[in-house]
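Secondary and tertiary structure notes
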Amino acid sequence: APAPAAAAAAAASEVPETLAACGNSMYRDLHTNLPAPVMAFPDLDFPAGEKSFPHHSGVLAYLRAYAARWDLLRMVKFSTVVLKVTETAKSPANYSVTTAPASNPAYSSTSSFRAIVAANGHYSVPEIPDLRGAATFPGELLHSHDYRAPEPFRGKSVVIVGAGNSAVDIAIELRG
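Residues numbered from 1 in each chain as written. Predicted model: local features only at pLDDT ≥ 70, side-chain atom pairs only at ≥ 80, totals over all residues. Heavy atoms only, no water.

Another aspect to go through is the overall build of the protein. When you go through the protein residue by residue, the secondary structure sums to 4 helices and 3 strands. Going from the N terminus to the C terminus, the protein shows its helices and strands as α-α-α-β-β-β-α. When the 176 residues of the protein are sorted by exposure, 21% land in the buried category. Approximately 12,900 Å² of the protein is accessible, and the part contributed by carbon and sulfur atoms is 59%. (Helix = DSSP H or I, 4+ residues; strand = E, 2+ residues; numbered from the N terminus. Buried < 20%, exposed > 50% of the residue type's maximum accessible area, 1.4 Å probe, protein only. Areas by Shrake-Rupley, 256 points an atom, 1.4 Å probe, with all protein chains shown as cover.)

As structure tokens, then:
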């Protein structure tokens, strides 16, 4: 059997190479809006030489290194749907969790856990406001969730509605 670190590194290689493969809002040139030292776990610094505001690929590499260091991926099930969570005891806390493979939701299994982390991806579905005239607008309407790179917009007039981090980042990126 491989050593735990080798097994974790092998498991880490199974994580999708680009986060876009997971259907999220990462665009090609995205950098974090938090400094690396603020994002770092207390027991692992970002690598020396990493930019203050790392590219998303640097954050992914850091998270992979952290997972490998602590052999965390052996406890992660990718492409899995959580069907039900039930508290089965108050003290000590105990939870029954029913899951199924995303590719086959009919095949479910139930496991017990002492703690639950709800990471529901509430930013994974874009919020599109009801804009008067949007239905008859002859141009392209695009949410930042679906933006990937500036090249398709070169030479075009672009209006960005919003003042959140993504809007500002994309405006600066489109400016060139």
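What follows concerns the pattern of salt bridges. Tallied over the full model, the rule gives 4 salt bridges. Of the charged contacts, one joins Glu151 and Arg28 as a salt bridge, the two residues approaching to 2.9 Å between their closest N and O atoms. Remark: Arg28 occurs in the loop between helix H1 (4–12) and helix H2 (36–39) and Glu151 occurs in the loop between strand E3 (109–113) and helix H4 (165–175); sequence separation between them is 123 residues. Owing to a relative accessible area of 40%, Arg28 belongs among the partly exposed residues under this scheme. For the salt bridge of Arg74 with Asp71, the shortest nitrogen-to-oxygen distance reads 2.9 Å. Here Asp71 falls in the buried class, since its relative accessible area comes to 17%. (Salt bridge = Lys/Arg side-chain N within 4 Å of Asp/Glu carboxyl O.)

A few words now on the confidence of the model for the protein. When pLDDT is low, close inspection of the predicted coordinates is not appropriate. Of all residues in the protein, 87% have pLDDT values of 70 or greater, and the mean over the chain is 84. Within the protein, the element-level pLDDT minimum falls on H1, averaging 44, and the maximum on H2, averaging 96. Predicted confidence is poor over residues 1–13, with pLDDT under 50, and the contacts of this stretch with residues over four places away or in other chains come to 10 contacts. (pLDDT = per-residue confidence, 0-100. Contact = heavy atoms within 4.5 Å.)

A separate point is the environment of Leu44. With respect to the helices and strands, Leu44 occurs in the loop between H2 and helix H3 (56–69). Expressed as a C-alpha distance, the spacing of Leu44 and Ala65, which sit 21 residues apart in the sequence, is 9.0 Å. Among all residues touching Leu44, those that are not within four sequence positions of it are Tyr62, Ala65, Tyr66 and Arg69.

Attention now goes to the sheet that holds strand E1 (residues 80–89). Taken in spatial order, the 3 strands make up an open sheet running E1-E2-E3, and their pairing is antiparallel. Each edge of the sheet is formed by a strand with only one pairing partner; in this case those strands are E1 and E3. If you compare each strand with its neighbour and ignore which way they point, the axes differ by 25 degrees on average. Judged from the 5 bridges that link them, strand E2 (residues 94–101) and E3 form a sheet pairing that is antiparallel. In the sheet register, Tyr95 faces E3, and the bridge partner there is Phe113. (Pairing = 2+ DSSP bridges. Axes fitted to C-alpha atoms, helices over the stretch in contact; angles between N-to-C directions.)

The next point concerns the nonpolar core. Judged by nonpolar contacts, Ala36, Ala40, Leu44, Phe46, Tyr62 and Tyr66 together constitute the single largest core of 6 residues. Look past the residues within four positions of Ala40 in its chain and what remains in contact with it is Asp45, Phe46 and Tyr62. Of all hydrophobic cores here, the second largest spans 5 residues; its members include Tyr27, Leu30, Tyr147 and Phe153. (Core = buried A, V, L, I, M, F, W, Y, C linked by side-chain atoms within 4.5 Å.)

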